[in-house]
Amino acid sequence: MALFETRGLTAFYGDFQALFGVDITVDAGETIAIIGANGAGKTTLMRSIAGVLINEPDAIVFDNEPIGRLSSPDILARGIAMVPEGRRLFPSLTVEENLKIGNYGRVVDGVFDLDSIYALFPVLAERRRSPATALSGGQQQMVAIGRALMSNPRLLLCDEISLGLAPVVVRDIYAAFPRIRASGAAIVIVEQDIAQALKVSSRVYCMMEGRVTLSGRSDALTRDAIHRAYFGADHELA
Ligand SMILES: Nc1ncnc2c1ncn2[C@@H]1O[C@H](COP(=O)(O)OP(=O)(O)O)[C@@H](O)[C@H]1O
Ligand SMILES: [Mg+2]
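Read on for an overview of the structure.

Thresholds, definitions, all that
Residues numbered from 1 in each chain as written. Chains lettered and ligands numbered in written order. Predicted model: local features only at pLDDT ≥ 70, side-chain atom pairs only at ≥ 80, totals over all residues. Heavy atoms only, no water. Buried < 20%, exposed > 50% of the residue type's maximum accessible area, 1.4 Å probe, protein only. Helix = DSSP H or I, 4+ residues; strand = E, 2+ residues; numbered from the N terminus. Arc of directions from axis to C-beta. Contact = heavy atoms within 4.5 Å. Donors = N, O, S within 2.8 Å, 3.2 Å for Na, K, Ca; no water. Near = heavy atom within 4 Å. Polar contact = N/O pair within 3.5 Å; in protein donor to acceptor, adjacent residues only side chain to side chain. Areas by Shrake-Rupley, 256 points an atom, 1.4 Å probe, with all protein chains shown as cover. 1 Å grid on protein atoms, 1.4 Å probe; cavity = no way out; pocket = protein on both sides within 12 Å on 5 of 7 lines; lining within 4 Å. Sits in = over half its atoms within 2 Å of the grid points. Nonpolar A, V, L, I, M, F, W, Y, C, P; charged D, E, K, R; others polar. Points joined across faces, edges and corners; volume = space filled by probe spheres on them.

**A short note on helix 7 (residues 167-174)**
Here comes step 1: When we look at burial in helix 7, the residues that qualify are V170, I173 and Y174. The arc enclosing the buried residues of helix 7, seen along the axis, measures out at 95 degrees, which places them on a common side.
Here comes step 2: Buried residues along helix 7 sit in contact with helix 6 (137-149), helix 8 (177-182), strand 8 (186-190) and helix 9 (194-200).

In structure tokens:
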């Protein structure tokens, strides 16, 4: 039995339909990746799961319970935390204040607290009293990840955490993932960097125009199949 599942998930912005029956599963402790071009619906999927967009109750199931109608505070309280696209830190608050916001609404025993997050990202300990805006993009991303971890999530959603960051910084951030996994959390990574997505995950889903066009084990998908699922069958292979 999967820890988490979407079943025929749809999403709308007014009259515009952004998701057309998306089915994904995540097992306990598993890391999956969602890939796809700009506009494929990846963020919409994350926002639906996190309760930012409200759904049919049965379209999202967590721990055998329908959660599609729950609000984002209720979703967080159950153990699903999101690192949102664009990080969305509170700019005037310090690093530490931003981190502390993360377990407002879910206080549970777990491996993650301020100390263990500073151990995970030591540079944040040095900058703990700095306003979030004083940090580099990579450091801000670490705060966003740390903030989500403060709730000791059972499912962590990460939306494009490497976007706009230098490769060396991306490497530092992904270096934290084995330790996040060791907490027992299941992880959903949204990535446009296909190589990175395949490296960090055991399974991958590719989306295009609001649908899952390919899924499979990350070590078994061919470059050709991914290319077709990403851009469509009639797109020329480069
Ligand atoms: N707030 C919104 N209002 C209207 N349309 C939106 C909104 N957010 C996203 N969309 C549209 O929904 C589709 C999926 O977007 P999104 O989920 O952001 O894709 P991705 O994260 O894969 O780039 C796109 O066509 C996008 O233009
Ligand atoms: Mg997006």
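**Details of the coordination of the magnesium ion (ligand 2)**
Here comes step 1: Binding of the magnesium ion (ligand 2) to the protein goes through T43 (OG1) and E85 (OE), at separations of 2.0 to 2.3 Å. Placement of the pair is T43 in helix 1 (residues 42-49) and E85 in the loop between strand 6 (80-83) and helix 3 (95-101), with a sequence separation of 42 residues.
Here comes step 2: The class of T43 is partly exposed, set by a relative accessible area of 21%.

**Structural notes on the site of ligand 1**
Here comes step 1: Around ligand 1, a shell composed of Y13, F16, A18, A37, N38, G39, A40, G41, K42, T43 and T44 is seen.
Here comes step 2: Within the contact set of ligand 1, an oxygen atom lies 3.0 Å away from a backbone nitrogen or oxygen of G41.
Here comes step 3: Here ligand 1 loses 62% of its free accessible area of 560 Å² to cover by the protein chains.
Here comes step 4: Judged by its atoms lying within 2 Å of the grid points, ligand 1 is housed in the second largest pocket.
Here comes step 5: Elements that contribute at least two residues to the shell around ligand 1 include exactly strand 2 (16-26) and helix 1.
Here comes step 6: The biggest single contributor to the shell around ligand 1 is helix 1, with 3 residues.
Here comes step 7: Taken together, the residues of the shell around ligand 1 break down into 5 nonpolar, 5 polar and 1 charged.

**Points about unusual backbone geometry**
Here comes step 1: In this structure, D63 takes a positive phi of about 60 degrees despite not being glycine.
Here comes step 2: If you trace the backbone, D63 turns up in the loop between strand 4 (60-62) and strand 5 (65-66).
Here comes step 3: Phi angles above zero are rare outside glycine, and E160 is one such case at about 55 degrees.
Here comes step 4: Residue position: E160 is located in the loop between strand 7 (155-159) and helix 7.

**Brief notes about the layout of surface pockets**
Here comes step 1: Counted as a void, the largest pocket has a volume near 670 Å³.
Here comes step 2: Among the secondary structure elements, those contributing two or more residues to the lining of the largest pocket are helix 1, helix 2 (72-78), strand 6 and helix 6.
Here comes step 3: It is helix 2 that provides the largest number of residues to the lining of the largest pocket, a total of 4 residues.
Here comes step 4: Classifying every residue of the lining of the largest pocket gives 13 nonpolar, 5 polar and 5 charged.
Here comes step 5: Its boundaries defined by the atoms lining it, the second largest pocket holds a volume of some 180 Å³.
Here comes step 6: Looking at the second largest pocket, it is lined by 15 residues, and the ones nearest its centre are G39, A40, G41, K42 and T44.
Here comes step 7: At the level of secondary structure, the elements contributing two or more residues to the lining of the second largest pocket comprise strand 2 and helix 1.
Here comes step 8: Considering each element in turn, the lining of the second largest pocket owes the most residues, 3 residues, to helix 1.
Here comes step 9: Residue composition of the lining of the second largest pocket, by class: 5 nonpolar, 6 polar and 4 charged.

These figures come from the coordinates and say nothing about function on their own.
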